[in-house]
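Coordinate analysis (summary)
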Amino acid sequence: MGFVATKNIHPNVAAFLLAIQYAEGTYKYSNPYKILFGGGTFESFEDHPRIPFKTKWGNTSAAGAYQFMAKIPGFTKLDTWGELKQKLKLKDFSPESQDAAAIELIRRNGALNDIINGDFSNGFKKVSKVWASLPGAGYGQPEKSLTKLLVFINTVALPQVQVQNLVSKVSDLDKKKR
């Protein structure tokens, strides 16, 4: 089951990140941050693994919880990960770095305030061209419907985030008692 590694982010943002994992097909894995396109895994978080895959939609290097693309000379040109790594000064491909990069994509597409305010529909609309699995992306790949994404957020993601936040608070209290 997917999770959001970064602590202390707005619950709606965490739920939205889980919904992207769900749409991208990584949520079902015990560690979505280590998933390659097609369901394989990679070992090191030192950097994006840059493993090439040929698909019926073209070439891809998608990896991680949010299936970031990275440039592979002679194979893929899109370098979303490389650009975000440089802009955000990310040191690795760790879960926290992946979360930060996904949140930056959400922010730069003008969806962050919508999501914080609970307008998930508008949030998905604004980032639909970022992730091929979102409704209206138009890349020819299977897309999750807006209805399925909203049901997932309300019945799975938000309750999961609330439980994780509660567990984290209890853990913090236990540490203070010691």
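One structure accompanies this document, and this report is about it. Within every chain, residues take consecutive numbers counted from 1 along the sequence as written. At least 70 in pLDDT is required for a residue's local features to be given in this predicted model, at least 80 for side-chain atom pairs to be given and counted, and no such filter applies to totals for whole chains, interfaces and linings, which use all residues. Only hydrogens and water are removed before side-chain values are computed, so all heavy atoms of the structure are retained for them.

Moving on, we come to the side chain of Q21. To qualify as a helix, a DSSP run of H or I must reach at least 4 residues; to qualify as a strand, a run of E must reach at least 2; elements of each kind are numbered from the N terminus. Relative to the helices and strands, Q21 is located in helix 1 (residues 11-24). Excluding residues that lie within four positions of it along the chain, Q21 makes contacts with G2, F3, T26, Y27, P32, Y33, A65 and Y66. The criterion used for residue contact is that any of the two residues' heavy atoms lie within 4.5 Å.

Once that is clear, we can look at the nonpolar core. By size, the foremost hydrophobic cluster in this structure holds 42 residues, and its most contacted members are F16, Y66, F68, I106 and W131. If you list the elements that add at least two residues to this core, you get helix 1, helix 2 (80-88), helix 3 (95-108), helix 5 (120-127) and helix 6 (146-177). Sequence-distant contacts of F68, defined by excluding residues within four places in its chain, comprise H48, S61, A62, A63, T80, W81, L84, F93, Q98, A101, A102 and L105. Here, nonpolar core refers to any group of buried Ala, Val, Leu, Ile, Met, Phe, Trp, Tyr and Cys residues whose side-chain atoms link them within 4.5 Å. Partly exposed describes any residue whose relative accessible area lies between the buried limit of under 20% and the exposed limit of over 50%, with all areas from a 1.4 Å probe on protein chains only and scaled to the type maximum.

So, about the layout of surface pockets. There is about 900 Å³ of room inside the largest pocket. Every definition here rests on a 1 Å grid over the protein atoms only: cavities are sets of points where a 1.4 Å probe fits but cannot get out, pockets are open sets enclosed by protein on both sides within 12 Å along at least five of seven lines, and lining residues have some atom within 4 Å of a point. Contributing to the lining of the largest pocket are 37 residues, with E24, T60, A62, A132 and Q141 lying nearest its centre. Every element with two or more residues in the lining of the largest pocket is listed here: helix 1 and strand 2 (58-60). Residue contributions to the lining of the largest pocket peak at 3 residues, all from strand 2. For this scheme, ten residues count as nonpolar: Ala, Val, Leu, Ile, Met, Phe, Trp, Tyr, Cys and Pro. Four count as charged, namely Asp, Glu, Lys and Arg, and the remainder, Gly too, count as polar. Among the residues forming the lining of the largest pocket, the class breakdown is 18 nonpolar, 13 polar and 6 charged. Grid points are joined across faces, edges and corners, and a volume is the space filled by probe spheres set on the points.

The residue Q67 is not glycine, and still its phi comes out positive at about 50°. As for its position among the elements, Q67 is in the loop between strand 2 and helix 2.

The subject of this paragraph is helix 5. For helix 5, the full list of buried residues reads F120, G123, F124 and V127. Down the axis, helix 5 shows its buried residues gathered within 95° of arc, on one side only. Looking at the packing, one finds that the buried side of helix 5 touches helix 1, helix 3, helix 4 (112-116) and helix 6. Each C-beta atom gives one direction from the helix axis, and the arc is the one those directions make.

For salt bridges, the criterion is a side-chain nitrogen of Lys or Arg within 4 Å of an Asp or Glu carboxyl oxygen. Scanning the model with the defined rule gives 7 salt bridges in all. For the salt bridge of R50 with D47, the shortest nitrogen-to-oxygen distance reads 3.2 Å. Look at R50 and you get partly exposed, because its relative accessible area is 28%. The partner of R107 in a salt bridge is E104, and the shortest N-O contact between them spans 2.6 Å. Here E104 and R107 lie together in helix 3, a separation of 3 residues that amounts to about one turn. Among the ionic contacts, a cluster of salt bridges with common partners joins E83, K87, E104, R107 and R108.

The quantities given are spatial measurements derived from coordinates; they are silent on function.
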